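If you want the building blocks of each chain, they are given just below.
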Amino acid sequence: MRATPDPSIVRIDGPWTHRDVSANGIRLHVAEIGEGPMVLLLHGFAEFWWTWHHQLAALADAGFRAVAVDLRGYGDSDKPPRGYDAWTLAGDVGGLIKALGARKAHLVGHAWGGMLAWTVGALHPRLVSSVSVLGGAHPLALRGAVRRPGQLRASGHLFRFQLPMAPEKWLVKDDALAVEELFRGWSGPQWTKTSDFTETVRTFRQAMLVPGVPHSALEYYRWAFRAQFRGEGRRFSEALRGRYAARVLQIHGEVDRCVLPETAAASRHWAPDARLERWPGIGHFPQLEAPERTTGALLDFLRILER
């Protein structure tokens, strides 16, 4: 691996088209394919748009316009020094939907992307047709669960990431070996034994070495923690307290050791009619560990909504 790869390395070839879109004052890189109702795919920590490479073409073949974005600070999107608060990130997604010429979008998010999907649905409900969350939880469900021993232990990285500089150095040390350690610790045991795991992790390690990505990725965690002690955190909690209007699908692995299944299930307090699927043997990355099953579940959910 090169120590400082160019951001363009994330523009991996495939049946999709890469393009840059101006939204909310920054440039966001997307990979898109297909025509029809928009499905906007939001990745999680230490990932980039490619985490959805198994789902993109299948969604397009089923009659959807599938768009996977590099979130602010990741991949080949802009990496400004600020703007990693939930308000601005939700504005990025809302602005992207409009910049792509859509009135609404089905949001599909993994982990951090899932929490962002919940947030966009609460702050910009007219732009959201539905929310699907993989390996994630409602932001307030996660905040409450961190006070309990199990999720507190699972969220130990959240607290370690608050230190200045040291986490950035840890993420890039030894060609971003930390990314592999995180993926191995959070994934289901079966996937980690495969060559697909090895190749997938190699791709994410290389993307973490893109200049600016480690710091930007950690800023998501830093805002989430520090906002709890500030007025903006209280305002954010108030904005998300209401019951959810959009239809919600949750897919969660039973052996997820990052966001515990019980934490994900607690999200139903805000969306009582949510469809929750808990999959045995699957860890924190359903879209990668069980790609065909994930695609099938998403399509079953989306087709019902588009009838």
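Now for a look at the structure at hand.

Cut-off values and rules
Residues numbered from 1 in each chain as written. Predicted model: local features only at pLDDT ≥ 70, side-chain atom pairs only at ≥ 80, totals over all residues. Heavy atoms only, no water. Buried < 20%, exposed > 50% of the residue type's maximum accessible area, 1.4 Å probe, protein only. Helix = DSSP H or I, 4+ residues; strand = E, 2+ residues; numbered from the N terminus. Pairing = 2+ DSSP bridges. Salt bridge = Lys/Arg side-chain N within 4 Å of Asp/Glu carboxyl O. Core = buried A, V, L, I, M, F, W, Y, C linked by side-chain atoms within 4.5 Å. Contact = heavy atoms within 4.5 Å. Expected span 1.5 Å × (residues − 1). Axes fitted to C-alpha atoms, helices over the stretch in contact; angles between N-to-C directions. Parallel < 35°, antiparallel > 145°, perpendicular 65-115°, else oblique. Nonpolar A, V, L, I, M, F, W, Y, C, P; charged D, E, K, R; others polar.

As for the pairing of strand E4 (residues 65-69)
- By the criterion of burial, E4 is predominantly enclosed, with five of the five residues buried.
- Going residue by residue along E4, you find Arg65, Val67 and Val69 tucked away on one face and Ala66 and Ala68 tucked away on the opposite face as well.
- Bridge analysis of strand E3 (residues 38-42) against E4 gives five bridges, and the strand direction is parallel. Counted as the bridge partner of Leu41 is Ala68 from E4.

Quick notes on the pattern of salt bridges
- The full count for this structure, using the stated rule, is 16 salt bridges.
- For Arg222, the salt bridge goes to Glu168, with nearest N and O atoms at 2.7 Å. With Arg222 in helix H9 (residues 213-226) and Glu168 in helix H7 (residues 166-186), the pair connects residues that are 54 residues apart, well separated along the chain. Per residue, the accessibility class of Arg222 equals that of Glu168, and both read buried.
- Residues Arg205 and Glu180 are paired through a salt bridge, measuring 3.0 Å at the closest nitrogen-oxygen approach. With Arg205 in helix H8 (residues 195-208) and Glu180 in helix H7, this pair connects stretches of sequence that are 25 residues apart.
- Residues participating in the shared-partner salt-bridge network are Arg11, Asp20, Arg27, Asp76 and Asp78.

So, the nonpolar core
- One finds Leu40, Leu41, Phe45, Trp49, Leu96, Leu107 and Phe183 to be the most contacted residues of the largest nonpolar core, which totals 105 residues.
- Here Leu96 is in contact with Val21, Ala23, Leu28, Val30, Leu40 and Val69, once residues within four sequence places are set aside.

A closer look at H7
- Between the first and last C-alpha of H7 there are merely 22 Å, a value that for 21 residues lags more than 12% behind the 30 Å anticipated at 1.5 Å per step.
- Of all the residues in H7, the buried ones are Pro167, Glu168, Leu171, Ala176, Ala178, Val179, Leu182, Phe183 and Trp186.
- Among the structural elements, helix H6 (156-160), H8, H9 and helix H12 (286-289) are those in contact with the buried residues of H7.

Regarding the sheet that holds strand E1 (residues 17-23)
- Reading across from one edge, E1-E2-E4-E3-E5-E6-E7-E8 is the order of the eight strands in this open sheet, with mixed pairing throughout. Looking at strand neighbours, the two that pair on one side only are E1 and strand E8 (275-279), the edges of this open sheet. Strand-to-strand twist across the sheet, computed as the mean angle between neighbouring axes with direction ignored, equals 20 degrees.
- In the sheet, strand E7 (residues 247-253) pairs with E8 via five bridges, with the strands oriented parallel. Within E8, the residue paired with Gln250 across the bridge is Leu276.
- Taken strand by strand, helix H2 (residues 86-99) contacts E1, strand E2 (26-33), E3, E4 and strand E5 (105-110), and its axis lies near 115 degrees from that of E1.
- Running at roughly 145 degrees to E5, helix H3 (residues 112-123) makes contact with E3, E5, strand E6 (128-134) and E7 of the sheet.

Here we look at the packing of H2 against H3
- It is at 9 Å that the axes of H2 and H3 come closest, and there the two elements cross at 80 degrees. Judged by the angle between their axes, H2 and H3 are roughly perpendicular. Residues Ala86, Trp87, Leu89, Ala90 and Val93 of H2 pack against Leu116, Thr119, Val120 and Leu123 of H3.
- A class-by-class count of the residues in the contact of H2 with H3 yields eight nonpolar, one polar and no charged.

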